[in-house]
Amino acid sequence: SIGNYSGHDRRNPMIAAATLGLGRVIALPDHQWLNMDSLGLEADTGIFYRNSINWLAKTNDKSIKIVVSSKSSADTWLKNQGYTQVVQSNNYTRELRDADILIGWLGSNLSANKIQAILEFARKGGGLFLCDYGIGYSWWWGDVRSAPGNQILRYAGIGFATDWPTDILAVTRASGQTTAGDLLAMLENARG
């Protein structure tokens, strides 16, 4: 359990990974995952971050361009880990043109143009490492379904919710995707 909240069922999702077009996505259930000034001191978290970056970028080359969406300690930590092209910016139309990965929290209000730029970036092979706190989004801004991260992640078949597993988000089901229901149906009918 990498990020399980006290008192919650350990079966609840902590981290989700998916593909989105030619790109890859990792979603983490809290924007606090960007606080690498403290989390980065833990060996497990550092390993997870570096492995995630390698998987998202499809390489372990530290000269990849990483865009960090908001000012956080993640950009400093990444530079300290030897990543040579780390840019803190939310100008996605400009910075994502030649980027490999976008890391961050997308905030509470993102223009349709920026959402489209991020979607196109991922569909063409870019990596997304997105962090959001679903219940917090509901508390502070009203509706987690309209969270910018969810407007993007629904195309990857995942999303941030206010409560697991009862709060279901509408997602675009990927072609060839197997769900838990599909798997149970196969197990119940071995001949099929």
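For clarity, every value in this text was computed on a predicted model and none was experimentally measured. (Residues numbered from 1 in each chain as written. Predicted model: local features only at pLDDT ≥ 70, side-chain atom pairs only at ≥ 80, totals over all residues. Heavy atoms only, no water.)

Visitor: Sorry, what's going on with the overall build of the protein chain here?
Guide: What the protein chain contains, in helices and strands, is eight helices and six strands. Counting only residues that meet the buried cut, the protein chain has 41% of its 192 residues in that class. Restricting the contact set of the protein chain to residue pairs at least 6 apart, pairs at least 24 apart contribute 57%. Carbon and sulfur atoms provide 50% of the accessible area of the protein chain, an area that totals close to 10300 Å². (Helix = DSSP H or I, 4+ residues; strand = E, 2+ residues; numbered from the N terminus. Buried < 20%, exposed > 50% of the residue type's maximum accessible area, 1.4 Å probe, protein only. Contact = heavy atoms within 4.5 Å. Areas by Shrake-Rupley, 256 points an atom, 1.4 Å probe, with all protein chains shown as cover.)

Visitor: For this particular structure, what's the right way to read the sheet that holds strand β4 (residues 85-88)?
Guide: One open sheet holds the six strands; their spatial order is β1-β2-β6-β5-β3-β4, and the pairing between them is mixed. Of all the strands in the sheet, the pair left with one neighbour each is β1 (16-20) and β4. Going across the sheet, the axis of each strand differs from the next one's by a mean of 20°, ignoring polarity. Alignment of strand β5 (residues 101-104) against strand β6 (residues 127-131), held across four bridges, turns out to be parallel. By the bridge assignment for β6, I101 is matched with G127. Packed onto the sheet, helix α2 (residues 43-57) meets β1, β2 (23-28), β3 (65-68), β5 and β6 and runs at close to 155° relative to β2. Sitting on the sheet, helix α3 (residues 73-80) touches β3, β4 and β5, and the angle it makes with β4 is about 170°. (Pairing = 2+ DSSP bridges. Axes fitted to C-alpha atoms, helices over the stretch in contact; angles between N-to-C directions.)

Visitor: It is not clear to me how the side chain of K65 should be interpreted in this structure. Could you clarify?
Guide: Checked against the element boundaries, K65 lands in strand β3. Separated by 2.7 Å, the side chains of K65 and D98 make a polar contact. (Polar contact = N/O pair within 3.5 Å; in protein donor to acceptor, adjacent residues only side chain to side chain.)

Visitor: I keep staring at α3 and nothing clicks. Help me out?
Guide: What sets the pattern is the α-helix's 3.6 residues per turn: residues three or four places apart point alike. What α3 keeps buried is the set S73, A74, D75, W77 and L78. Directly after α3, the chain includes G82, whose backbone phi takes a positive value near 100°.

Visitor: Where do I start with the pairing of β3 in this structure?
Guide: Within a regular beta strand, the side chains point alternately toward one face of the sheet and then the other, so they alternate between its two faces. A two-sided burial pattern is seen for β3, the buried positions comprising K65 and V67 on one face and I66 and V68 on the other. Here β3 runs beside β4; their pairing, made up of four bridges, is parallel. Following the sheet pairing, V68 is matched in β4 by Q88. A crossover links β3 with its parallel partner β4, the connecting element being α3, and its sense is right-handed. Where β3 meets β5, three bridges bridge the pair, whose relative direction is parallel. Within the sheet, the bridge partner assigned to I66 lies in β5 and is I101. (Right-handed = clockwise from strand over helix to strand, strands pointing away.)

Visitor: Any chance you could explain the side chain of S69 here in plain terms?
Guide: With respect to the element layout, S69 can be found in the loop between β3 and α3. On the accessibility criterion, S69 (5% relative accessible area) is buried. At a separation of 2.9 Å, a polar atom in the side chain of S69 contacts the main-chain carbonyl oxygen of W105. Setting aside its immediate chain neighbours within four residues, S69 contacts Q88, S89, N90, Y92, L102, I103, G104, W105 and L106.

Visitor: When you look at the pattern of salt bridges in this model, what are you seeing that I'm missing?
Guide: Where charged atoms from two side chains of opposite charge come close, those side chains can pair. On inspection of all chains with the given rule, the structure shows four salt bridges. With its nearest N and O atoms 2.7 Å apart, the salt bridge here joins K65 to D98. With K65 in strand β3 and D98 in the loop between α4 (92-95) and β5, this pair connects stretches of sequence that are 33 residues apart. Residue K65 is classed as buried on the basis of its relative accessible area of 8%. Among the ionic pairs, E95 bridges to R94, the shortest N-O distance being 3.0 Å. Beyond isolated ion pairs, a larger network of salt bridges with shared partners links K65, R94, E95 and D98. (Salt bridge = Lys/Arg side-chain N within 4 Å of Asp/Glu carboxyl O.)

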